[in-house]
Amino acid sequence: MLWSMTGFGEARHESQRLSLSFEVRAVNNRYLKVSVRAPDPYHLLEGEIEKVVRKLVKRGTLQIQLRCDKPPTLDDFRINSVALASYVKQIRQVAADLDLADGGQALLAQVLSLPGVVPEAGAAGHAIYDDWPLLEKTLEHALANLNRMRQEEGQAMALELIELRLAIVRRLETIRQRVPHVVASFRDRLFERVKGLLKELDVKLDQNDLIRETSLYAERSDIAEEIVRLGTHLDHFQEIVQKDNDSPGRKLEFVTQEMGREANTIGSKASDVVISREVVEIKGTLEKIRELIQNVE
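The notes below deal with the structure included here.

What counts and how
Residues numbered from 1 in each chain as written. Predicted model: local features only at pLDDT ≥ 70, side-chain atom pairs only at ≥ 80, totals over all residues. Heavy atoms only, no water. Helix = DSSP H or I, 4+ residues; strand = E, 2+ residues; numbered from the N terminus. Buried < 20%, exposed > 50% of the residue type's maximum accessible area, 1.4 Å probe, protein only. Contact = heavy atoms within 4.5 Å. Pairing = 2+ DSSP bridges. Right-handed = clockwise from strand over helix to strand, strands pointing away. Axes fitted to C-alpha atoms, helices over the stretch in contact; angles between N-to-C directions. Expected span 1.5 Å × (residues − 1). Polar contact = N/O pair within 3.5 Å; in protein donor to acceptor, adjacent residues only side chain to side chain.

A few words on the environment of Ile223. In this structure, Ile223 sits in the loop between helix H5 (207-220) and helix H6 (224-243). Here Ile223 falls in the buried class, since its relative accessible area comes to 1%. The contact partners of Ile223, leaving out residues within four places of it in the chain, are Ile175, Val179, Ile266, Lys269, Ala270 and Ile275.

In structure tokens form, the structure reads like this:
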């Protein structure tokens, strides 16, 4: 079964404690690349998010957008009373030692900006790991929706690839039936051409020479092996499309490349208009296949 590398999936969660949503967009890529956009401090979970993605997606570029709204609580606004008391005590002591006129009130007004009195936003980062089980579950739902879309598109791609393969099979069969006529046609053309030339010189044509030249041509233009190999590749292609679940995209790329190589060899060895025309059509169909499988996982 084929899976497309493009798709979209989203999932949401709403509760009094936390409101969040995941949006996942996927496009094609030879490898797996994960890009995460998340508000502070949830961007710290990028590594955990990528681990979840790698369990469910093998190839493609995934852009993940996390939106999170957490209503503030009393615990979000705390002052470090120990640090505050220490700073106040030290400021008053310095004011007394220096005999400051205002008793250090100007310094006391700045005490909240001193390090450690009011925890920085990043200091609450440890709390995001308490939210992670809920985020992970929502992310998995978003990825499941993404994969559902990728699977549906992959099924449509598989049907189209099978139709394109059948088109090549029909072209190859035409070539196979044409092969016996190619040598006979060359023999007749050679005979008529040589006979016309020798008639002017009043020289008889040696049948052994004609047979030898025809045999040499048949050997040079023999495409039976290429036809067999191309047929084998077509069978393998169908098997991958219909049954293979282990990185079929990469395998289809390789098999398509091999089919193109055999088609080129057939076209170069068989000096026949009919075969050349069929080869051109096969190569055009292979190009359509290449464009499709660029989007197969």
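In this section: the pairing of strand S4 (residues 60-69). Of the pairings in the sheet, the one linking strand S2 (residues 19-27) to S4 comprises nine bridges and is antiparallel in character. Bridge assignment links Glu23 to a residue of S4, and that residue is Gln65. Read from strand S3 (residues 32-37) through helix H1 (residues 46-56) to S4, the crossover connection turns out left-handed.

Attention shifts here to unusual backbone geometry. Here the residue pair Asp40 and Pro41 is connected by a cis peptide bond, since its omega of -5° sits within 30 degrees of zero. Within the secondary structure layout, Pro41 lies in the loop between S3 and H1.

With that settled, the discussion passes to the sheet that holds strand S1 (residues 7-14). Strand order in the open sheet made by the four strands is S1-S2-S4-S3, with mixed pairing throughout. Looking along the sheet, the strands with just one partner apiece sit at the ends: S1 and S3. Put simply, the sheet's adjacent strands are angled 15° from each other on average, direction ignored. Two strands pair when backbone bridges link them, and S3 and S4 are joined in this way by six bridges, in the parallel orientation. Within S4, the residue paired with Ser35 across the bridge is Gln63. Along the sheet, H1 contacts S2, S3 and S4; its crossing angle with S3, the most-contacted strand, is approximately 140°.

Relative to the elements of secondary structure, Thr285 occurs in helix H8 (residues 273-293). Once you skip the residues sitting within four places of it in the chain, Thr285 turns out to touch Leu164 and Ile168.

Turning our attention to H6. Under the 1.5 Å per step criterion, the end-to-end length of H6 is 29 Å for 20 residues, consistent within 8% with the ideal 28 Å. By the burial criterion, the buried members of H6 are Glu226, Ile227, Leu230, Gly231, His233, Leu234, Phe237, Ile240 and Val241.

On to the side chain of Glu23. Considering the arrangement of structural elements, one finds Glu23 in strand S2. Glu23 gets classed as buried once you look at its relative accessible area, which sits at 14%. Of note is the side chain of Glu23, whose polar atom sits 3.3 Å from the side chain of Arg25. A polar atom in the side chain of Glu23 sits 3.4 Å from the side chain of Arg67. Beyond its immediate sequence surroundings of up to four residues, Glu23 is in contact with Phe8, Gly9, Glu10, Arg12, Gln63, Ile64, Gln65 and Arg67.

As a further point, take the environment of Gly231. Relative to the helices and strands, Gly231 is located in helix H6. Sequence separation between Gly231 and Ile168 is 63 residues; the distance between their C-alpha atoms is 9.4 Å.

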